[in-house]
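Remarks on the overall topology
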Amino acid sequence: MMDDVFNTFNEQEENSINFSNNTSISLSEQQVRILTTDADTRGLEIANMSDFMGAYAKLQVSSLSKSSMSEITLDLPISELGIINDVIQQAAIVTKGDVSLIPDFEHLPSGIRDKLKKGIYTIGESKQVNGNMRAVILNENGIRVKDITLKRVFNNSGTLETTRSISNQLQMKQINDKLAAIQEIQNYQLDKDRDHAIFTPFFIARDYILRAQNAETLEKRNEYLEKAATQLMKTKNGINTEMRTAVKHLAEKSKWPFFHMKSTINTLTGHLADDLQLLTKTCGITMQVYEYLGQPQNVKLELEQYKTVMRGFLTHEINNTGYTAIELLHDNFRYNKSNLDCWCIFSRELESELSRMERLVTQENYIVTLEDMEDE
């Protein structure tokens, strides 16, 4: 699923409309690029659509990298190569001391990462520039195949907020990846009420975003995006309502499991697992819509509401049962050898990710880029 982040943006057609050549962090006048795959534009399975959280983080990294507030640097306050290896393999912000490295998604090919993880490729110091940290990637024969370039990001109010937002999106992406892994073990049929509350407005929003991507004027683009935002709001509220109802019924039925068909409890736990993932995808695509509309306050609001829902899932007691929603899921989930205690483990990881999202990024930040040798 991590590879989807790096493949999510396809090349535009030659006749695409380019509203602006602006390379600042703002996307308010740029052409919309949200729905990029066949599953995004024509599919009916939301779970198969792009990782919108990861794509949003990628978009922000690209804008930050092109901004006037970053420059290529060879003089780095890093004493070892391990942190560079970590950021390339994990495709996540990695912090060591007062330095943070940010992955440049457009230049981190999955094939390179896979071979680094397997130990086929290694990272070594540059032989061309002795004494600095312009690291290189070596193949199994010790031959240099990629250079690693780092751009120093100068901190101001704009770049700090963008870096913090990138970090948040990557944490949300990791949450989504963990939910996707759990979701694979649940298979069930969604009923018409769920279709009406969640999927219908989501796909209406998808259609508006497609029209925005093909719009010939900025005004028409924004008109479609506003309509998409309205439908996405309905989707989000539908998901939250469904989750609240499912948790309430799960609490009631799990008190007396012998008087209820086990299939009912399994359906409720399946719906909850699905809705957690749907909520994350919906939040990711909604924040992108507001970003293109130039409404950072709404981007922040969506993120805060998402964190509130997820934290409530971890901490709020349900109907005086003494259990939280995540604990009810843990107690009623169908486990086997491959997924033993997955919700208990996930709850600890989610708590950790949410705590990290609360911390403001204030360290020195660097964007890690892999360059082809012929580009020198």
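Residues numbered from 1 in each chain as written. Predicted model: local features only at pLDDT ≥ 70, side-chain atom pairs only at ≥ 80, totals over all residues. Heavy atoms only, no water.

Comments concerning the state of the cysteines
- In this structure the tally under the stated criterion is zero disulfides.
- Here Cys344 is not cross-linked by a disulfide; its sulfur's nearest cysteine counterpart is in Cys342, at 9.6 Å.
- Overall, the relative accessible area of 28% leaves Cys344 in the partly exposed class. (Disulfide = S-S within 2.5 Å. Buried < 20%, exposed > 50% of the residue type's maximum accessible area, 1.4 Å probe, protein only.)

Considerations on the packing of aromatic side chains
- In this structure the tally under the stated criterion is four aromatic pairs.
- Considering the side-chain rings of Phe202 and Phe203, the 5.7 Å spacing of their centres and the 90° angle between planes classify their relative orientation as edge-to-face.
- Given the relative accessible area of 14%, Phe203 is considered buried.
- Seen from their ring centres, Trp343 and Phe346 are 5.6 Å apart, and the 85° between their planes marks the pair as edge-to-face. Of this pair, Trp343 and Phe346 both sit in helix H12 (residues 342–358), separated by three residues, roughly a single helical turn.
- Overall, the relative accessible area of 0% leaves Trp343 in the buried class.
- Site record: aromatic cluster; members linked through ring pairs are Phe333, Trp343 and Phe346. (Phe/Tyr/Trp six-rings, centres within 6.5 Å; stacked < 30°, edge-to-face > 60°. Helix = DSSP H or I, 4+ residues; strand = E, 2+ residues; numbered from the N terminus.)

Overview of the environment of Ile166
- Topologically, Ile166 is positioned in helix H6 (residues 157–183).
- The spacing of Ile166 and Ala57 is 109 residues in sequence and 4.9 Å in space, taken between C-alpha atoms.

A closer look at the nonpolar core
- Counting 63 residues, the largest nonpolar core has Ile34, Ile175, Phe313 and Trp343 as the members making the most contacts within it.
- When residues of this core are traced back to their parent elements, those giving at least two are helix H3 (52–66), H6, helix H7 (192–213), helix H8 (218–255), helix H9 (262–292), helix H10 (296–315), helix H11 (325–332) and H12.
- Here the element with the most residues in this core is H9; it accounts for 13 residues.
- Among the nonpolar cores identified, the runner-up in size contains 11 residues, and Leu101, Tyr121, Ile123 and Ile137 belong to it. (Core = buried A, V, L, I, M, F, W, Y, C linked by side-chain atoms within 4.5 Å.)

Observations regarding the confidence of the model for the protein
- Per-residue confidence for the protein gives a mean pLDDT of 75, with 66% of residues at or over 70.
- Element-level pLDDT for the protein is lowest in helix H1 (residues 2–7), with a mean of 33, against a maximum mean of 93 in helix H2 (residues 38–41). (pLDDT = per-residue confidence, 0-100.)

Some points on unusual backbone geometry
- Residues other than glycine seldom take positive phi values, yet Asn319 does so here, at roughly 50°.
- When you line up the elements, Asn319 lands in the loop between H10 and H11.
- Asn319 gets classed as partly exposed once you look at its relative accessible area, which sits at 41%.
- Phi is positive for Asp341, close to 60°, though the residue is something other than glycine.
- Note on placement: Asp341 falls in the loop between H11 and H12.

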